[in-house]
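What follows is the residue order along each chain.
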Protein chains: 2
Amino acid sequence: MLYAGFMSAAPPSAPTPQEPVEPPQLLQLGLGDDEPCLRADAARNRARLLEAAAGLVAARGADAVTMEEVAAAAGVGKGTVFRRFGDRTGLLMALLDHGEKKLQAAFLSGPPPLGPGAPPAERLRAFGRAALRRTVEDLELQLAAEPEAGRRFTVPPYRVRHHHVALLLRQAAPDADCDLLAHTLLAQLDPALVHHLTHQCGMPARRLEDAWTDLVDRITGTTA
Amino acid sequence: MLYAGFMSAAPPSAPTPQEPVEPPQLLQLGLGDDEPCLRADAARNRARLLEAAAGLVAARGADAVTMEEVAAAAGVGKGTVFRRFGDRTGLLMALLDHGEKKLQAAFLSGPPPLGPGAPPAERLRAFGRAALRRTVEDLELQLAAEPEAGRRFTVPPYRVRHHHVALLLRQAAPDADCDLLAHTLLAQLDPALVHHLTHQCGMPARRLEDAWTDLVDRITGTTA
DNA sequence: ACACAATGCGGACCGGGGTCCGCTTTGCAG
DNA sequence: CTGCAAAGCGGACCCCGGTCCGCATTGTGT
């Protein structure tokens with residue numbers, strides 16, 4: 001368990017009487033664990049919901065599935081879904097959690113060139129390739145899970161990626177505004193963009209990878 | 001009239017019996033005109049709606065305004081709003097149309113360094129500054145108008161900007177994948193990102209402008 | 001074993017976006 | 001001026017995401 005769950009800290013509004021969704025996630029990047037100790041029935045329902053959702057999504061496509069259907073398929077009430085996952089996006093993101101954690105594991109503590117050990121520019125190039133591949137894997141879901149505009153950058157998986165890229169950049173291009181530059185780099189991995197380019201413009205995935213590499217080279221000044 | 005309206009070509013689904021929204025917009029970049037010849041009453045209602053919407057948005061913020069309210073305030077039925085503008089996003093975008101056209105005018109045919117006449121890298125830098133300023137101007141609305149994930153890159157104003165940036169890039173960095181690079185550059189002007197950085201991270205607008213300039217320099221290899 | 005917080009459950013309910021279709025208005029042709 | 005097709009109108013309607021709150025389940029302390 002490397003990092004943390006997915007959900008943002010539930011209802012952003014003032015002291016909701018409703019309890020928070022999943023872990024409060026104050027986000028000290030790099031540790032923490034989901035499911036802080038769910039009550040037996042709650043845990044069971046969570047599992048059922050995830051399974052039901054996965055099934056329906058696989059069968060009919062993410063955006064043809066309604067929350068009520070998922071609840072029904074899992075044999076629970078609609079309220080339960082929302083209490084557990086906050087909102088539709090939350091549920092969808094939970095479905096992606098596993099894959100994302102694996103990627104995080106790989107770049108935070110896996111073997112080089114993705115993990116520590118390789119030179120930063122090299123790691124950046126590897127990161128892009130890996131992330132791109134992961135995105136292509138289940139583009140559809142990833143697209144459907146995209147949070148409403150305002151939250152795109154606040155959601156934990158994005159923050160982790162951003163943190164990582166910024167870190168590498170600070171080593172590879174010390175004189176740049178790395179925080180901002182990291183956002184720019186990440187934009188090239190945005191599922192919506194990847195979808196647009198591959199599905200609507202018919203670009204091969206390979207071209208995206210090459211462009212990433214080239215971009216890293218230009219920005220860091222390295223070539224490799 | 002420089003370019004064209006805002007709406008994408010209405011209901012993407014098969015031959016809707018409903019007529020298309022605004023101009024079909026087959027989008028030959030650079031010409032065309034809105035309101036292809038609305039019937040008298042339709043034109044009147046369109047104007048009323050725009051006015052009503054602008055008023056409500058200004059008064060209470062974009063996302064506290066419902067379509068039904070706008071319709072009521074304009075003294076028309078809800079159906080009319082949707083027929084004219086397609087969907088909520090369409091209406092909001094129409095509200096932004098004027099400002100966007102002005103910007104387009106400036107970089108397509110205005111005076112240098114924004115318009116033709118200056119060297120490409122220079123024009124790029126100017127473009128970023130101008131776009132950034134325009135975005136900050138009415139961030140709130142721009143944010144609320146953001147189309148659902150899939151369409152972000154298909155919407156006319158984005159396409160125009162992309163086309164323009166790609167064009168300049170082809171001159172300033174002929175050996176790069178300019179189409180893709182253009183998307184990357186534009187990502188730094190994304191209203192959602194600008195909002196995040198300025199409002200949630202407290203960055204001054206100035207820093208964004210500097211980062212843009214720096215990014216252009218790194219990508220084109222030029223300096224200043 | 002029992003009581004009693006605390007935690008979770010579920011489904012009625014709400015609000016708003018988007019659709020539909022029978023009726024009205026427009027404006028052109030004769 | 002009149003008739004008539006096309007264009008436009010509007011509001012009842014549907015659907016779905018999200019909320020709420022009285023009731024049921026847990027599991028802990030004694």
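Worth saying up front: this structure is predicted, and the values here are computed from it rather than measured. (Residues numbered from 1 in each chain as written. Chains lettered and ligands numbered in written order. Predicted model: local features only at pLDDT ≥ 70, side-chain atom pairs only at ≥ 80, totals over all residues. Heavy atoms only, no water.)

Draft legend 1. Broad picture of the protein's contact with DNA strand C. Lining the immediate surroundings of DNA strand C are 21 residues, of which R39, N45 and R83 of chain A together with K78 and R88 of chain B lie closest. In DNA strand C, atoms within 4 Å of the protein come from the sugar-phosphate backbone in 61% of cases. Within the side chain of R39 of chain B, a nitrogen or oxygen atom sits 3.1 Å from a base oxygen of DNA strand C. Interatomic distance of 3.0 Å between a backbone N/O atom of M67 of chain B and a phosphate oxygen of DNA strand C. At the level of secondary structure, the elements contributing two or more residues to the surface near DNA strand C comprise α1 (40–60) and α3 (78–85) of chain A together with α1 (40–60) and α3 (78–85) of chain B. Here the surface near DNA strand C takes five residues from α3 of chain A, the largest share from any one element. Of the residues contributing to the surface near DNA strand C, the split by class is five nonpolar, five polar and 11 charged. (Near = heavy atom within 4 Å. Polar contact = N/O pair within 3.5 Å; in protein donor to acceptor, adjacent residues only side chain to side chain. Helix = DSSP H or I, 4+ residues; strand = E, 2+ residues; numbered from the N terminus. Nonpolar A, V, L, I, M, F, W, Y, C, P; charged D, E, K, R; others polar.)

Draft legend 2. Representation of α3 of chain A. All names here are of chain A. Taken together, the buried positions of α3 are T80, V81, R84 and F85. Relative to the axis of α3, the buried residues are bounded by an arc of 100° and lie together on one face. Where α3 ends, the next residue or the one after it, G86, has phi of about 80°, a positive value. (Buried < 20%, exposed > 50% of the residue type's maximum accessible area, 1.4 Å probe, protein only. Arc of directions from axis to C-beta.)

Draft legend 3. Geometry of the interface of chain B and chain A. Opposite the 31 residues of chain B that make contact, chain A presents 32 residues. For the interface between chain B and chain A, the tally reads eight salt bridges. One salt bridge connects R152 of chain B with E146 of chain A, and the closest N-O pair in it is separated by 3.1 Å. For the pair chain B and chain A, the number of links is 12 residue pairs in polar contact (both at pLDDT 80 or more). Where the side of chain B that touches chain A is concerned, the elements lending two or more residues are α8 (178–187), α9 (191–200) and α10 (205–220) of chain B. By residue number, the principal contributor to the side of chain B that touches chain A is α10 of chain B, which donates seven residues. Classifying every residue of the side of chain B that touches chain A gives 15 nonpolar, seven polar and nine charged. (Contact = heavy atoms within 4.5 Å. Salt bridge = Lys/Arg side-chain N within 4 Å of Asp/Glu carboxyl O.)

Draft legend 4. Fine view of the protein's contact with DNA strand D. In the vicinity of DNA strand D lie 20 residues, with K78 and R88 of chain A together with R39, N45 and R83 of chain B positioned nearest. In DNA strand D, atoms within 4 Å of the protein come from the sugar-phosphate backbone in 60% of cases. One of the side-chain nitrogen or oxygen atoms of R39 of chain A is found 3.1 Å away from a base oxygen of DNA strand D. At 2.4 Å from a base oxygen of DNA strand D is found a side-chain nitrogen or oxygen belonging to K78 of chain A. Looking at the surface near DNA strand D, the elements with two or more residues in it are α3 of chain A together with α1 and α3 of chain B. A total of five residues in the surface near DNA strand D trace back to one element, the largest contributor, which is α3 of chain B. Taken together, the residues of the surface near DNA strand D sort by class into five nonpolar, five polar and 10 charged.

Draft legend 5. Quick peek at the packing of α1 of chain B against helix α2 (residues 67–74) of chain B. All names here are of chain B. The interhelical angle for the contact between α1 and α2, taken along N-to-C directions, is 125°, at an axis separation of 8 Å. Overall, the two elements α1 and α2 adopt an arrangement that is oblique. In this structure, the crossing between α1 and α2 has a hand that is right-handed. Taking contact as the criterion, the partners of R48, L49, A52, A53, L56 and R60 in α1 are, on α2, E69, V70, A71, A73 and A74. When the residues that make up the contact of α1 with α2 are grouped by side-chain class, the tally is eight nonpolar, no polar and three charged. (Axes fitted to C-alpha atoms, helices over the stretch in contact; angles between N-to-C directions. Parallel < 35°, antiparallel > 145°, perpendicular 65-115°, else oblique. Left-handed = near helix turned anticlockwise from the far one by under 90°.)

Draft legend 6. Fine view of α1 of chain B. Residues and elements named next belong to chain B. Over its 21 residues, α1 extends 30 Å from the first C-alpha to the last, a length consistent with the 30 Å expected when each residue adds 1.5 Å. Every buried residue belonging to α1 is among A42, N45, R46, L49, L50, A52, A53, L56 and V57, and all of these are buried. Where α1 is buried, its residues meet α2, α3, α4 (88–109) and α6 (139–144). Directly after α1, the chain includes G61, whose backbone phi takes a positive value near 85°. (Expected span 1.5 Å × (residues − 1).)

Draft legend 7. How the structure looks around the pattern of salt bridges. All names here are of chain A. In this structure the tally under the stated criterion is 36 salt bridges over all chains. The salt bridge involving R39 is made with D41; its shortest N-O contact spans 2.9 Å. With relative accessibility at 30%, the residue D41 sits in the partly exposed group. Overlapping salt bridges, with partners in common, bring together E100, R134, E137, D138 and R161 in one network.

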